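These are the residues of each chain, in order.
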Amino acid sequence: MDILQLSIPPLPQFLTAGHSVWRSGMQHFERCFEVYDLVLVCSGALYMTEDETPYEVEAGEVLLLEPGKTHYGHRSCTGDTELYWLHFRHSRPVARMAEKHIPWSTLVRRGTDLDLAPAEQYLFLPKYGKVDMKPLIPTLQDMLQLRDSLTLEHAVDLQVAMGRLLSQLQSGVKEYRRSTRSYTVAEQVKDYLQERYMEPFRAERMAEELHFHFDYAARCLKKHTGLTPLQYHHTLRMDRAKRLLIHSTIPIPEVAAEVGFSDYNYFIRLFRKTVGMTPGLFRQTSKGYV
């Protein structure tokens, strides 16, 4: 599945939407405009070309037409075709990529009170392919109802519904990944490490108990989390340590022991490397301020 990467914030802006049934023989006209045109086909098929690339959008499929590209119907509908369409405004895509290359595990920089602009973030939407229509149709119907009787009181609600639709589309992209074997293996590795985060990490034991070659299991985990098994093991321990530092007053050496470290100095070094500061400074600053 090809994916369009859009920069956010700001979120895309809703312009208009509709629900149509195209009768046999109807065909989309040619146009080029500076908005996105999202088409979701419920039944039948729509035949569209965008910048010389033809698409046959069948029931249960989506096509996201891009701003600045010419699109038109290269063939008329051969039967009744039910579809929803939605126009929104946003900057042009940052990139187009295969779903497997989406960097889901990339961390977004934590903001501070010194920031004057938001951290760099992205939205990932399907360009063309299968989608689960079940969660999308109620949201689309809500949007059409709001649009048909829109007052300023509910203008923000329509934009929020638009954001919900985009979130559902992106979630569908992640569901597509969840159907792969590598995702299943990665989840097994995560569960294994979660259950044993207090124990020392042993690659050979993990491979033996999961019945996977360690290198294969490590590649699967890296693909879906961005971390090696050892790094993920460390992250689990550090997350637990951070919670103890925030929500308890126990001494830091006891925190180290609570998360499985017998070597206190090693815990301090690893915490500083992973979190970016010492446990003492983290506990001090985590109390927050306005």
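Above this text you will find the structure in question.
A brief look at the structure comes next. Treat the numbers as computed from the prediction; the structure is a model and nothing was measured.

1. Examining the overall build of the protein chain
- Across its full length, the protein chain carries nine helices and 10 strands.
- The C-alpha atoms of the protein chain give a radius of gyration of 24 Å, which is well past the 19 Å a tight globule of 290 residues would have.
- Considering only C-alpha atoms, the protein chain reaches an extent of 75 × 50 × 30 Å along its principal axes.
- Buried positions account for 39% of the 290 residues belonging to the protein chain.
- If you average the places of the 35 positive and of the 35 negative side-chain charges in the protein chain, the two averages end up 6 Å apart.

2. Structural notes on the pairing of strand 4 (residues 45-50)
- Taking burial as the measure, the six residues of strand 4 include six buried ones, the bulk of the element.
- Of the two faces of strand 4, both are covered, the one formed by A45, Y47 and T49 as well as the one formed by L46, M48 and E50.
- Both strand 4 and strand 5 (residues 53-58) contribute to a ladder of six bridges, which runs antiparallel. The residue of strand 5 that forms the bridge with M48 is Y55.
- Hairpin connection, strand 4 to strand 5: the antiparallel pair is bridged by two residues, and D51 has positive phi, about 45 degrees.
- Looking at chain direction, strand 4 and strand 7 (residues 71-75) are connected through four bridges and run antiparallel. The residue of strand 7 that forms the bridge with E50 is H71.

3. Brief notes about helix 4 (residues 203-210)
- A203, M206, A207 and L210 are the residues of helix 4 that are buried. Looking down the long axis of helix 4, one finds its buried residues gathered within 95 degrees of arc, a one-sided arrangement. Across from the buried face of helix 4, at angles greater than 90 degrees, the exposed residues are E204 and E208.
- Contact partners of the buried residues in helix 4: helix 3 (181-195), helix 5 (214-225) and helix 6 (229-247).
- Two residues or fewer after helix 4 comes H211, characterised by a positive phi angle close to 65 degrees.

4. Examining the packing of helix 3 against helix 6
- Closest axis-to-axis distance for the helix 3/helix 6 pair is 10 Å, and the angle between their directions is 45 degrees. One finds that helix 3 runs oblique with respect to helix 6. Between helix 3 and helix 6 lies a crossing whose hand is right-handed. In contact with K190, L193 and Q194 of helix 3, helix 6 contributes P229, Y232, H233 and L236.
- Grouping the constituent residues of the contact of helix 3 with helix 6 by class yields four nonpolar, two polar and one charged.

5. Here's the deal with the sheet that holds strand 8 (residues 81-89)
- On the basis of which strands lie adjacent, the open sheet formed by seven strands has the order 2-8-3-6-10-1-9 and antiparallel pairing. What marks the edges here is a single partner per strand, and that holds for strand 2 (13-22) and strand 9 (95-98). In this sheet, neighbouring strand axes are inclined to one another by 30 degrees on average, regardless of whether the strands run parallel or antiparallel.
- Of the strand pairs in this sheet, strand 1 (residues 2-8) and strand 9 are connected by four bridges, and their pairing is antiparallel. Looking across to strand 9, one finds that I3 is bridged to M97.
- With respect to the sheet, helix 1 (residues 133-148) is in contact with strand 2, strand 3 (36-43) and strand 8, its orientation differing from that of strand 2 by roughly 110 degrees.

Each value, and the rule that gives it
- Throughout this document, residue positions are counted from 1 along each chain, in the order its sequence is written.
- Local features in this predicted model are restricted to residues whose pLDDT is 70 or higher, and side-chain atom pairs enter the listing and the counts only when it is 80 or higher, whereas totals over whole chains, interfaces and linings include all residues.
- For side-chain calculations, the full set of non-hydrogen atoms in the structure is used, while hydrogens and water are omitted.
- By definition, any uninterrupted DSSP run of H or I lasting at least four residues is a helix, any uninterrupted run of E lasting at least two residues is a strand, and each is numbered from the N terminus.
- Just to be clear, the radius of gyration here is over C-alpha atoms, and the globule rule we use is 2.2 Å times residues to the power 0.38.
- Only protein chains enter the accessibility calculation, which uses a 1.4 Å probe; a residue whose area is less than 20% of its type maximum is buried, one above 50% is exposed, and one in between is partly exposed.
- Neither His nor the chain termini are counted; the positive set is Lys and Arg, and the negative set is Asp and Glu.
- By convention, the charge on Lys lies at NZ, on Arg at CZ, on Asp at CG and on Glu at CD.
- Pairing between strands is defined by DSSP: at least two bridges between the two strands are required.
- Here the arc refers to the directions that run from the helix axis out to each C-beta atom.
- A contact between two residues is defined here by any heavy atoms of the two lying within 4.5 Å.
- Note on method: axes are straight lines fitted to C-alpha atoms, helices fitted across the in-contact stretch only, with angles between N-to-C directions ranging 0 to 180 degrees.
- The scheme is simple: roughly parallel for angles under 35 degrees, roughly antiparallel for over 145, roughly perpendicular for 65 to 115, oblique for anything else.
- Crossing chirality is assigned from the near helix's rotation relative to the far helix, an anticlockwise turn below a right angle marking it left-handed and a clockwise turn marking it right-handed.
- In this classification, Asp, Glu, Lys and Arg are treated as charged, Ala, Val, Leu, Ile, Met, Phe, Trp, Tyr, Cys and Pro as nonpolar, and every other residue, Gly included, as polar.

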